[in-house]
Every structure is written in structure tokens, then in C-alpha cells.
There are 2 protein chains.
Amino acid sequence: MPSLGIVAPQTMHFAEPLQLASGASINDYTLVYETYGTLNADRSNAILICHALNASHHVAGVYEGVDGSKNFGWWDNMVGPGKPVDTDRFFVIGVNNLGSCFGSTGPMHINPATGKPYGADFPVVTVEDWVHAQALLADRLGIEQFAAVMGGSLGGMQALSWSLLFPHRLRHCIVIASTPKLSAQNIAFNDVARQAILTDPDFHGGDFYAHGVVPKRGLRVARMVGHITYLSDDSMAEKFGRELRNGNYQFGFGIDFEIESYLRYQGDKFSEYFDANTYLLITKALDYFDPARDYGDDLTKALARTQAQFLLVSFTTDWRFSPERSREIVQALVNNKRKVSYAEIAAPHGHDAFLLEDPRYMNTVRAYYNGIARELLRRAA
Amino acid sequence: MPSLGIVAPQTMHFAEPLQLASGASINDYTLVYETYGTLNADRSNAILICHALNASHHVAGVYEGVDGSKNFGWWDNMVGPGKPVDTDRFFVIGVNNLGSCFGSTGPMHINPATGKPYGADFPVVTVEDWVHAQALLADRLGIEQFAAVMGGSLGGMQALSWSLLFPHRLRHCIVIASTPKLSAQNIAFNDVARQAILTDPDFHGGDFYAHGVVPKRGLRVARMVGHITYLSDDSMAEKFGRELRNGNYQFGFGIDFEIESYLRYQGDKFSEYFDANTYLLITKALDYFDPARDYGDDLTKALARTQAQFLLVSFTTDWRFSPERSREIVQALVNNKRKVSYAEIAAPHGHDAFLLEDPRYMNTVRAYYNGIARELLRRAA
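Below, the structure is looked at part by part. (Residues numbered from 1 in each chain as written. Chains lettered and ligands numbered in written order. Predicted model: local features only at pLDDT ≥ 70, side-chain atom pairs only at ≥ 80, totals over all residues. Heavy atoms only, no water.)

Section: the interface of chain A and chain B
Operational definition: Any two residues having at least one pair of non-hydrogen atoms within 4.5 Å are treated as being in contact. For any pair of parts, buried area is found by adding up, for both, the accessible area (1.4 Å probe) each one loses once the two are put together. Any Lys or Arg side-chain nitrogen located within 4 Å of an Asp or Glu carboxyl oxygen qualifies as a salt bridge. Two N or O atoms form a polar contact when they lie within 3.5 Å of each other; inside protein one atom must be a possible hydrogen donor and the other a possible acceptor, and for residues adjacent in sequence the pair counts only when both atoms belong to side chains.
Each partner contributes residues to the interface: chain A has 57 residues there, and chain B has 57 residues. The junction of chain A with chain B conceals about 4,900 Å² of combined surface from both sides, 65% of it contributed by carbon and sulfur atoms. Summed over the three residues of chain A that lose the most area to chain B, namely R242(A), F251(A) and F253(A), the buried surface amounts to 16% of that side. Where chain A touches chain B, the interface holds 10 salt bridges. Inspection of the chain A/chain B interface yields 26 residue pairs in polar contact (both at pLDDT 80 or more).

Here is the structure:
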């Protein structure tokens, strides 16, 4: 399947302050985004893709490195010409969220109020804050209503939030491998990761930029523990099992098992490129997402405002956001008599399945988008 | 139910070197142990209790603190007069393993070869090494054959190992909430914990004693991640859910949720009393346990040497060592035509259930020990 080829990020600057859920505001910020495909004449074929923890606006296509290396978008298997989200038919936008370390204004950028990097002063942002910022970007791009807003995991929370904050600005809401709120166990894993970062002596209370260091130890442990929750027990068993690096026990604390080598490598790599303050911010956004909270924990009441049609997808071996969590959303939508499609994919890969190639999964999304495309044709007729 | 009352630890010194699986040896070591009840005339009523990660020889009864505080044994609900392991009928031994930080020779003790604390030089010990040391203690106590060897989790691995290394020295083997070997996911969690400790700047390559510091940050994160795996998702949800400490989101990185408060407290407490080198050693012993390894991963072949009768117990919500893992052991024993009782207890508490009061669990163990007691009467008749 061909990719989009070479793509390039764009930037949009906002001078007006963005009021945040915390009561704070961000002044003078920039959002980085990419677009693929062509916006049609009546501006009805726009799709917004929301990203999860360590992803960005670079959804599809490729950046070519100066060294000839290729950096494909994180959902390049999903978005592109002829792909499930077909850029020959849809105008697709990927946008980097506030607080990220991939281009949009974040903790490593200069705080106009102080002339120094935000660091620990970057305000805590919520899923709803991100959605408000995304809506302002849509305004600038002249998109009144999205054909669909779509995301997986934390991206799915943003899609769901769109259906609540701007019910009339999306016709379809596609929520993959997500949850209406984090469980105590989910929060616990996030807090372990945060504590690893916060207690790293190189964190310097979030102002490590000024010290010329990076809290790599904390980021590394945070990523390792996070990564375990993205994989299923079974897929880890199949991929690594108890395979030994050197055939025998080493009787030391170096690497014995391949799974140790893999996880440490993932942790090392992550600590080279990810920002520690961003990690803290994004895990907090995850923890805080809970649209039923203002409705006495009644998700049906919370979702009464929605107007969109929904596709939900979950994966059987996802123990981070299990199918039960998706079914709660489905049930609450059904209770509100919304149109909902739901697919529970028997996939072995755990939470990560939402990023991977699986024919049943891809075909489910493709079929749903074919329906959206038929609607577009009817609108045009 | 009355406890044993005040108990006191004893020590046994061993001058002869203990040969270890790694090829190294420990010279001149001490084992700390406790005994409860009375050894009968034919020395046939001895029970050995093996401990898990953060426990010790202090299985039951109480130490009274100088401040009047009481420190009950970790299995005081299981072992005592009239309890499932009835000290009115059995002579029960709890022994602290080598490498521990609770009294038996460990990394914080003086290495006779250097005159300084072992630190990183304490040899990596295996479950089998511990069992060999326990057998030497049994020799000294004049116990040729145990009525039963029993343990939960890592303690269950020791019990299983007894049945393999000394098939004729135990009549019953009681393995609770255990596994024939760790999965890749189990090892992954252990390695995250180890990496948190090893990369703590206060660890000093294991020789932190000389620096007058303790790698508390690493120990704290290690314990937090471990603790999550001991609890079930459901029990965490029931006990903490998304309950907030102060009613509202704080929009910072202090404590928002009760689960965060609980976990950090557990981590803090643990880092005050547990030794970092011991944590590394014990997680390695867990990772290395794999009796089928020398038998082409054929557990049935590995367990062919066993002579004991078995009781296995697992808990439905234990996702650390799930019932499936216990069933593998049961199946391998059945394949060898061994007598096996197996109870799968529907308990909500996850892996920790093996330490908790649950009538079905307690009654299962009690009934099994009643059978052992009847055997003793028949032997005496």
C-alpha cells in the first residue's frame, strides 16, 4: 500500500489567551499540524486525528532525514491514499497537542511572562483543553464541521470529548481502544511513572533545562512500566518468553532475558527524545479525563449531549483499556438512542493493537469510512 | 482466634561453605529462624514455612516493641494454636533466607573475605540455594523429614523446589499462589523495579552502606510498581476507585487520587526498612526459578522426581501468578500420578489474597492439615 510520501508540518500561531480547565491560561501559543488530501468545496470531508501519549501531528506520510532515514507517521498504516482513512477522499488533519514536546507550545518553550522555559510552570492541561485548542485550529482552517474525529487510547478520549463539547461540529466520532475514565490501576501505573520522573535528581523540579541535564533515569523507568501495560501478557510470552540473551543465567544484574534487553532499549530510546514535563502533563490529562464526573458518575447522562454517530473498537487482550471500558461507552450511547457501531477485535497484541496492522481491525475502520464517503456523495448529490 | 503470643527469633551459625548454583559460595553464614509448637517424639510433626519477597522468619506470634507496639508475624492468621496450621499439633519452623535484610546473612553484613559489607559482592542466590540452606538447618534441628513444606508466591516456589531437591524429606508440599516459572511480563515488572534501584544515584553500585545513604527513590518506585501487581484491578477499584484526596483536581503533581496517596505511602514505608541489594537478589531468585529448564521445558518430566503429596491453591483475581500457572503444576503432577489437591479460590484481592483472611481459603488449608494430623495419629498408633 503506498504511503502519502513526503509530508511537512505547518504551524498556526494564536495570540489570544486559551482559558484552561485549571483556571490558568496559555497566552501566545502555537499549534503544529499536518494535513493530507484535499478539502472539498463544501468543506465537508475533513477528518481530525487526535494523538495519544507519545505521538504527534505526524500521523502519516514520511519525513526524510538528512541522512536518508525515513520517519513514517505513527498511523501511516491507517491514513493515506487507498488506506482505511483514504486521503484520496478525505482531508485529514493531524494536530500536536499543547504541552507536547513535538512542536506545539510546551514546557520546553519560552514562557512569554518570564522569558525562560516554562518548565514546571507550564499549566496542567486537560483533554477538554486540547479539544478547545483543536476547535480554534479548525476555525482558522475554515472547518465548521468534521466528517469525523478519530483517535485511539488518549486520542479516543479527545474524540469522545469533541462529541460532548462541540456536538454539532462532528458527524462521526471514532473511539478506539479507549475508556470513559481511568481505573485506579491505570492511575497507579501513571503515578509510578510520574514518581520516577519527579524524584530523579536531574529533574530539578521541572526546570532541568536551565541545568543542562535531562532526567533520563526517571523517563526510562516511566517508559518501561508504561510499555509493559501496552503489551499483553500473551504477546510478551510469544515474542520473548523466557528467552535468554546469552543462553545461560549470568548471576548478576546485567541482561539475562531478552525481555529485559527489549524494555531497557525502549526506555533508553524514549529518554533520548521525550520531555519529562510533557510526560507528567500527558499522564495527568489521562488521569483527569472523566466526562461523567459532573453527572454523578452517570455516563448515560454525560453522553446525552452527543449528536454524532459512533464507531467504537476495542481489542480482546488490551488489559490497559479493556473491552469492558469500551462497552460502557457503547451502552451509555445506546441508552441515549445514538447510532453506534462496535467492534471487539480478537487481537493478541494488547493495547498496542490499535497501532498495528490487523485485517479485521483495518477492514472495520475501512468499512465505516466507506459509509462516511457514501454520505458525502449523497450530500453532494 | 488467639495468637501464639510473644515469640523470639533464634540463630544458627554455619561455618562450612555453602556451594551456590552460580558457582560462588557463601562462607561463614547465619540463618535466623523461629519455631512454634513442640517437636514430637518421633520428629514427624515438623512443618517448614518458606517466605516470599518482603517477609521473614517471623511467620506468627508477636514481637513486642519497646514502645508497646506489636509486630505480628506475616502469616499470623494461618499459623498458631487452633489455626489452619495448628501449633498445638505441629512444630512449625519459619526461616529467613540468605540475602535477606531481616537477620540471616545478607548484603549488609560483613564479608569475611574483605572485612566490609558484601554490598554488590553478595552472590546471586537461587530458590534452590535457599532450599539447600534450609535443609542444612533442618539437619541441625534433627528433622529428617517434614510433615509438610509450605509457602505462598516465592515461598511456594521453595516448597516446590523441596519436593524436587529432597523428594524424601517432605510428605506434603503446599504451594499457594505460585507458578512453575515467571512469565516475560513478570520478569519485565521485576526488571523495572531493579532498574529503578540500580539507576538511583544513591545506590553507588550496591555499596551505598559505605556512603551513608540509601537508594530510597529507587526502592520506593520498585515497591510501588510491585504493589500494583499484588492487587487486582477490581480490588483497587473497590478500595480506591477514583476517590480524590481533596474533593477536586489539584492541577499539579502532588496527590490527587487516594490510590496515589496509598501507593506512595507503601513505597515510602518500604524504602525505610528494606535493603536495596536484597530487593535485587530476591527478584533475581524469582526470575531464575524454572525447574523445567533442565528438562526441555517439560514440567511433567521435571516433576517426575517428586514423592510428596500436594496441595495447590490459587486465587481467581491473581494476575501476577494466575490460576493457569497453578494448573500447569497440577497437570504435571497428575501426569506423574502424584496425589494432588487443588483449590481455586474465588477471591477479589489478587495475589495478596494468599496473605489475607478468606474462609474458603483458610478452610481448605485447615482441612488439608487435618488430614496430615490424622496421618500422624496413624503413624503413632
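Now that the structure is up, let's keep going.
Examining the environment of T317(A)
All names here are of chain A. How we decide: Per the convention used, a helix needs a DSSP run of H or I reaching at least four residues, while a strand needs a run of E reaching at least two, with both numbered from the N terminus. Note on exposure labels: buried denotes an accessible area under 20% of the residue type's maximum, exposed denotes more than 50%, and partly exposed covers the range between, all computed with a 1.4 Å probe on protein chains only.
The topology assignment puts T317 in the loop between β15 (309-315) and α10 (323-335). Take T317: its relative accessible area is 22%, and that puts it in the partly exposed class. A C-alpha to C-alpha distance of 8.7 Å links T317 and A353, two positions 36 residues apart in sequence. The contacts of T317, once residues within four sequence positions are left out, are S232, A347, P348, H349 and G350. Within the structure, T317 has its side chain in polar contact with the backbone oxygen of A347 (distance 2.6 Å). One polar contact links the side chain of T317 to the main-chain carbonyl oxygen of P348, over a distance of 3.4 Å.

A short note on empty space enclosed by the protein
This is how it is decided: A 1.4 Å probe that fits but cannot get out identifies a cavity on a 1 Å grid over protein atoms alone, an open set with protein on both sides within 12 Å along at least five of seven lines counts as a pocket, and a residue lines either if it has an atom within 4 Å of a point. Grid points are joined across faces, edges and corners, and a volume is the space filled by probe spheres set on the points. The residue classification treats Ala, Val, Leu, Ile, Met, Phe, Trp, Tyr, Cys and Pro as nonpolar and Asp, Glu, Lys and Arg as charged. All others, Gly included, are polar.
In the structure shown here, the tally under the stated rule is four cavities of 30 Å³ or more. The calculated volume of the largest cavity comes to roughly 130 Å³. In terms of lining, the largest cavity is formed by 14 residues, of which the most central are A196(A), T199(A), A196(B), T199(B) and R217(B). Among the secondary structure elements, those contributing two or more residues to the lining of the largest cavity are α5 (216-230) of chain A together with α4 (216-230) of chain B. In terms of residue class, the lining of the largest cavity is made up of six nonpolar, four polar and four charged. Here the second largest cavity defines a volume of roughly 70 Å³. Residue lining of the second largest cavity: L53(B), F189(B), N190(B), A193(B), A222(B), V225(B), G226(B), T229(B), Y230(B), Y279(B) and R320(B), and that is the complete set. The set of elements that each furnish at least two residues to the lining of the second largest cavity consists of α3 (184-198) and α4 of chain B. Broken down by element, the lining of the second largest cavity gets its largest block of residues, five residues, from α4(B). Taken together, the residues of the lining of the second largest cavity sort by class into seven nonpolar, three polar and one charged.

A look at the nonpolar core
This is how it is decided: By nonpolar core we mean a set of buried residues, namely Ala, Val, Leu, Ile, Met, Phe, Trp, Tyr and Cys, connected to one another through side-chain atoms within 4.5 Å.
Core analysis: the largest hydrophobic core is formed by 257 residues, its most contacted members being I176(A), Y361(A), I176(B) and Y361(B). Ignoring sequence-local partners within four residues, the contact set of Y361(B) consists of W75(B), M78(B), I176(B), V313(B), F315(B), I345(B), A353(B), F354(B) and L356(B).

Overview of the pattern of salt bridges
For the structure on display, the rule yields 40 salt bridges over all chains. Notably, a salt bridge pairs D76(A) with K83(A), separated by 3.4 Å at the nearest N-O pair. Judged by its relative accessible area of 11%, D76(A) falls in the buried class. In this structure, D202(B) and R217(B) form a salt bridge, with 3.5 Å as the shortest nitrogen-oxygen distance. Linking D202(B) in the loop between α3 and α4 with R217(B) in helix α4, this pair joins segments that are 15 residues apart in sequence. Several salt bridges share partner residues, and in doing so they unite D191(A), R194(A), K284(A), D287(A), D256(B), E260(B) and R264(B) into one network.

Topic: the pairing of strand β10 (residues 91-95) of chain A
All names here are of chain A. How we decide: Criterion used throughout: strands pair if DSSP finds at least two bridges between them.
Summarising burial for β10: five of the five residues are buried, a large majority. Because side chains alternate across β10, one face comprises the buried residues F91, I93 and V95, and the other comprises V92 and G94, equally buried. Across four bridges, the pairing between strand β4 (residues 29-36) and β10 is antiparallel. Each bridged residue has a counterpart across the sheet, and for Y36 the counterpart in β10 is V92. One ladder, built from four bridges, connects strand β5 (residues 46-50) with β10; its direction is parallel. What sits directly across from A46, in β10, is F91.

A short note on the sheet that holds strand β13 (residues 146-152) of chain A
All names here are of chain A. Rules: Axis definition: a line fitted to C-alpha atoms, over the contacting stretch in the case of helices. Angles run 0 to 180 degrees between N-to-C directions.
With mixed pairing, the eight strands of this open sheet are ordered in space as β1-β4-β10-β5-β13-β14-β15-β16. Looking at the sheet topology across the chains shown, the edges are occupied by β1 (10-14) and β16 (340-345). Strand-to-strand twist across the sheet, computed as the mean angle between neighbouring axes with direction ignored, equals 20 degrees. Packing of helix α11 (residues 359-380) onto the sheet brings it into contact with β5, β13, β14 (170-176), β15 and β16, and relative to β14 it is tilted by some 180 degrees.

Quick look at the sheet that holds strand β13 (residues 146-152) of chain B
Residue and element names in this part refer to chain B. Spatially, the eight strands line up as an open sheet ordered β1-β4-β10-β5-β13-β14-β15-β16, and their pairing is mixed. Looking at which strands have only one partner, the edges of the open sheet turn out to be β1 (10-14) and β16 (340-345). Across the sheet, the axes of successive neighbouring strands diverge by a mean angle of 20 degrees, strand direction being ignored. Inspection of the sheet shows β1 paired to strand β4 (residues 29-36) by five bridges, in the antiparallel sense.

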